[in-house]
Amino acid sequence: MDKPPEADDTSAKPNLTLMDLPPEVFLKICSYLHAKFIVTVLGRVCTAFHELFKDDITWKIRISKQWPKKYPPVSVDEDMNFNWIEACMQREEQYRLWSNVEQNMEHFKIGSGCLYGGVDSVHLMQNGSLLAAGSRDRYLTLWDLKNRDNKPVVSLKAAHQGWIWSITSLDETLCTGSWDKYVKLWDIGEGYSEKSKFKCKAAILCTHYESNEIIASSYDKCVYHIDPRSERISNQKYHKMAVLCLAVDDRFIITGSEDNTIVVFDRRAEKIYKTLQLDNYPMCMSYGLGQLWVGDKLGQVTLLDVTTYGDFEIVDTYDVGHMGKLTGIKHSLGSVITSSMDKTIKILEPNVEPDAIATLTSHTMDIAGISFQNDVLASAGSDVSIGIWRPKNATYSL
């Protein structure tokens, strides 16, 4: 009797795996996956994948193929340690969220029953889960956005005797600046009580709060320095008109004024580092990542290079499509967000010559300002409402 044919010996033919593919082919396959998935999942499978994905060139090429305009929009070099992996993840995520707002973002408005006057200022904190707002009725109101009923956590009547024009925070302390000339600190961890207040000489238009100092810009052309420990108040005047906006880090205090100038004050040398003359006066600014984005009275956006080699040089001024004064601007690795008195908010690409990813039109009157944190966007509306946009199924890590 003949013996049955022996089964094919497949042991000599190893199965093909992703690791057997040429790197170029493997990266082509990965180009169809989200950068966040590649970094947080695929890059942790084995050492070989991790080594391949940690190369900056991989992420530079990936970004440039999808968005060919210069990015980042300012000079970067090896000394700056620019995080190309994080940049790619943020660009892709911001584009995914805002390019299809209805599908990817939850949107709602806070208004009826909670607000009784136009909203002048909004501020997000605690990773976008807590919202503070100042309205024309002089109320300071806070909402826990984790609760879906949108009922205020607290509403502080007559928190100021004037419009609350600026809100910022540090840890469990909220800082507000008002047209009543006062800067106030509020303890949001202990009953939302007033901790202290400091009276300046004119309306407060913008505030910055850090552990041992409050810096505030004012209608009287001054920049105020407040020590919350000793309650000492001093001021400096290097503008000829009202100081409308400011941005601060450990080295510089940057102020924009109605006199069409931006002044860069060196905190360490205690003197003016640079003065920039603009064609139109600045209304708002966003500072960081070696960039200074400035919104002006004509609705245009000016970009300045703040890197070691840029030295506050103007890169360019862009018409981004707004038809009124810019009232807010926030930039990140993934987007530039602007609000305007033309009732719109624009989500822009964070590169030179930025195109709009989306235009939000839910407000029926001027937008006084915006706040953006952890992919959550809040807008202050003169139509007695606050707009909220956040990723669907958002979670908050506090």
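Keep in mind the model is a prediction, meaning the values are calculated, not measured.

Conventions used here
- Residues numbered from 1 in each chain as written.
- Predicted model: local features only at pLDDT ≥ 70, side-chain atom pairs only at ≥ 80, totals over all residues.
- Heavy atoms only, no water.
- 1 Å grid on protein atoms, 1.4 Å probe; cavity = no way out; pocket = protein on both sides within 12 Å on 5 of 7 lines; lining within 4 Å.
- Points joined across faces, edges and corners; volume = space filled by probe spheres on them.
- Helix = DSSP H or I, 4+ residues; strand = E, 2+ residues; numbered from the N terminus.
- Nonpolar A, V, L, I, M, F, W, Y, C, P; charged D, E, K, R; others polar.
- Axes fitted to C-alpha atoms, helices over the stretch in contact; angles between N-to-C directions.
- Parallel < 35°, antiparallel > 145°, perpendicular 65-115°, else oblique.
- Left-handed = near helix turned anticlockwise from the far one by under 90°.
- Contact = heavy atoms within 4.5 Å.
- Buried < 20%, exposed > 50% of the residue type's maximum accessible area, 1.4 Å probe, protein only.
- Salt bridge = Lys/Arg side-chain N within 4 Å of Asp/Glu carboxyl O.

**Observations concerning the layout of surface pockets**
What the largest pocket holds in volume is close to 1,600 Å³. Together, 49 residues line the largest pocket, and Cys206, Cys284, Met285, Thr327 and Lys330 are the ones closest to its centre. When contributions to the lining of the largest pocket are tallied by element, the ones reaching two or more residues are strand E2 (119-125), strand E6 (164-170), strand E10 (204-210), strand E14 (243-248), strand E18 (282-288), strand E22 (326-331) and strand E26 (367-373). At 7 residues, E26 tops the list of elements feeding residues into the lining of the largest pocket. Of the residues assigned to the lining of the largest pocket, the class counts are 27 nonpolar, 16 polar and 6 charged.

**Topic: the packing of helix H4 (residues 56-66) against helix H5 (residues 84-99)**
For the pair H4 and H5, interaxial distance at closest approach is 8 Å and the crossing angle is 30°. Accordingly, the angle class assigned to the pair H4 and H5 is roughly parallel. Two packed elements cross with a definite hand, and for H4 against H5 that hand is left-handed. On the side of H4, the interface is formed by Asp56, Trp59, Lys60, Arg62, Ile63 and Gln66, while H5 contributes Trp84, Ile85, Ala87, Cys88, Arg91, Glu92 and Tyr95.

**Observations concerning unusual backbone geometry**
Of the consecutive residues Tyr71 and Pro72, the connecting peptide bond is found in the cis state with omega at -10°. Here Pro72 lies in the loop between H4 and H5. The residue Lys181 is not glycine, and still its phi comes out positive at about 80°. Exposure remark for Lys181: the relative accessible area of 33% places this residue in the partly exposed category.

**Observations regarding the pattern of salt bridges**
Scanning the entire structure with this criterion turns up 14 salt bridges. Between Lys69 and Asp355 there is a salt bridge; the shortest N-O distance is 2.9 Å. Of this pair, Lys69 sits in the loop between H4 and H5 while Asp355 sits in the loop between strand E24 (345-348) and strand E25 (356-360); the two residues are 286 residues apart in sequence, bridging distant segments of the chain. A relative accessible area of 27% means that Lys69 is categorised as partly exposed. Across the pair Asp383 and Lys109 runs a salt bridge, and its minimum N-O distance is 3.6 Å.

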